[in-house]
Amino acid sequence: MAWAESFDHLLECKTGQLVFEDFLRTEYSEENLLFWLACEDYKKITSVTEMTVAARRIYAEFVQVDAPRQINIDCVTREEISENISQPGPNCFDRARKLIYGLMENDCYPRFLKSEIYQAHLEQAEKQ
């Protein structure tokens, strides 16, 4: 499985994303992947109006203090996003996106590769 080769291979695969999300849910940290995916979609938006709406949704869901799926980022990054949210640009979430990516890659991903969820998926794939 290419998923074990690199974290990028895992994230490039829709099934990989879903299996990784299932794993993160067991660790109560699926908001990290959901935030990262939302940011990836956000970067593709070209309309200023759509960008503003999407930025406010991402901010409300993941960034603001007491957000329903609040991500674990430092207060400087959170404050920077808060200041930019009124006029969000295409790079408004980049710093937080990179922090969360690093957290997933260096912390969650190695545990995922050792997890029962991943091992069961490997066994299932080998049977096919």
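Residues numbered from 1 in each chain as written. Predicted model: local features only at pLDDT ≥ 70, side-chain atom pairs only at ≥ 80, totals over all residues. Heavy atoms only, no water.

**Considerations on the overall build of the chain**
A tally of regular secondary structure across the chain gives seven helices and zero strands. Shown N-terminal to C-terminal, the secondary structure of the chain runs as helices and strands in the order α-α-α-α-α-α-α. In terms of principal-axis extent, the alpha carbons of the chain reach across some 50 × 30 × 20 Å. For the chain, the residues scored as buried account for 45% of the 128 residues in total. When contacts within the chain are restricted to residue pairs at least 6 apart in sequence, those whose partners lie at least 24 apart make up 58%. Computing the positive centroid from 14 side-chain charges and the negative centroid from 23, the chain places the two 3 Å apart. (Helix = DSSP H or I, 4+ residues; strand = E, 2+ residues; numbered from the N terminus. Buried < 20%, exposed > 50% of the residue type's maximum accessible area, 1.4 Å probe, protein only. Contact = heavy atoms within 4.5 Å. Lys, Arg positive; Asp, Glu negative; His and termini not counted. Charge placed at Lys NZ, Arg CZ, Asp CG, Glu CD.)

**Let's talk about the packing of helix α3 (residues 30-43) against helix α4 (residues 48-63)**
Where α3 contacts α4, the axes come no closer than 11 Å and their chain directions differ by 170°. Between α3 and α4, the angle falls in the class roughly antiparallel. In this structure, α3 uses Glu31, Leu34, Phe35, Ala38, Cys39 and Tyr42 to contact α4, whose residues at the interface are Met51, Ala54, Ala55, Arg57, Ile58, Phe62 and Val63. Here the contact of α3 with α4 is built from residues that sort into eleven nonpolar, no polar and two charged. (Axes fitted to C-alpha atoms, helices over the stretch in contact; angles between N-to-C directions. Parallel < 35°, antiparallel > 145°, perpendicular 65-115°, else oblique. Nonpolar A, V, L, I, M, F, W, Y, C, P; charged D, E, K, R; others polar.)

**A few points about the packing of helix α2 (residues 14-26) against helix α6 (residues 94-114)**
Put simply, α2 and α6 touch, their axes get as near as 10 Å, and they point 90° apart. As summarised for this structure, α2 and α6 are arranged roughly perpendicular, according to the angle between their axes. Here Val19, Phe20, Phe23 and Leu24 of α2 lie close against α6, whose contacting residues are Met104, Cys108, Tyr109, Arg111 and Phe112. Residue composition of the contact of α2 with α6, by class: eight nonpolar, no polar and one charged.

**Remarks on the environment of Asp41**
Summarising the element assignment, Asp41 is placed in helix α3. Its relative accessible area of 47% is what places Asp41 among the partly exposed residues. Sequence separation of Asp41 and His9 is 32 residues, and the distance between their C-alpha atoms is 18 Å.

**Side note on the UniProt feature "domain: RGS" (unreviewed entry) in the chain**
The UniProt feature table records "domain: RGS" (unreviewed entry) at residues 6-122. Here residues 6-122 runs as 74% helix and 0% strand, with 15 Å between its end C-alpha atoms. (UniProt positions renumbered as here; feature names shortened; annotations may be inferred.)

**Describing α6**
Relative to the 30 Å expected for 21 residues at 1.5 Å per residue, α6 spans 29 Å between its end C-alpha atoms, a close match to the ideal helical length. At Cys108, α6 shows its maximal kink, close to 45°; a proline, Pro110, follows between one and four residues later. For α6, every residue scored as buried is listed here: Asp94, Ala96, Arg97, Ile100, Tyr101, Gly102, Met104, Cys108, Tyr109, Phe112 and Leu113. Considering only its buried residues, α6 is in contact with α1 (7-12), α2, α3, α5 (75-84) and α7 (116-127). (Expected span 1.5 Å × (residues − 1). Bend = angle between axes of the 7 residues up to and from the residue.)

**Regarding the packing of aromatic side chains**
This structure, assessed with the given rule, holds twelve aromatic pairs. Ring geometry for Phe20 and Phe112: centres 5.2 Å apart, planes at 85°, overall edge-to-face. Taken together, the residues span a long stretch of sequence, with Phe20 in helix α2 and Phe112 in helix α6 at a distance of 92 residues. Each member of the pair, Phe20 as well as Phe112, is classed as buried. Members of the aromatic cluster, connected to one another through ring pairs, are Trp3, Phe7, Phe20, Phe23, Trp36, Tyr101, Tyr109, Phe112 and Tyr118. (Phe/Tyr/Trp six-rings, centres within 6.5 Å; stacked < 30°, edge-to-face > 60°.)

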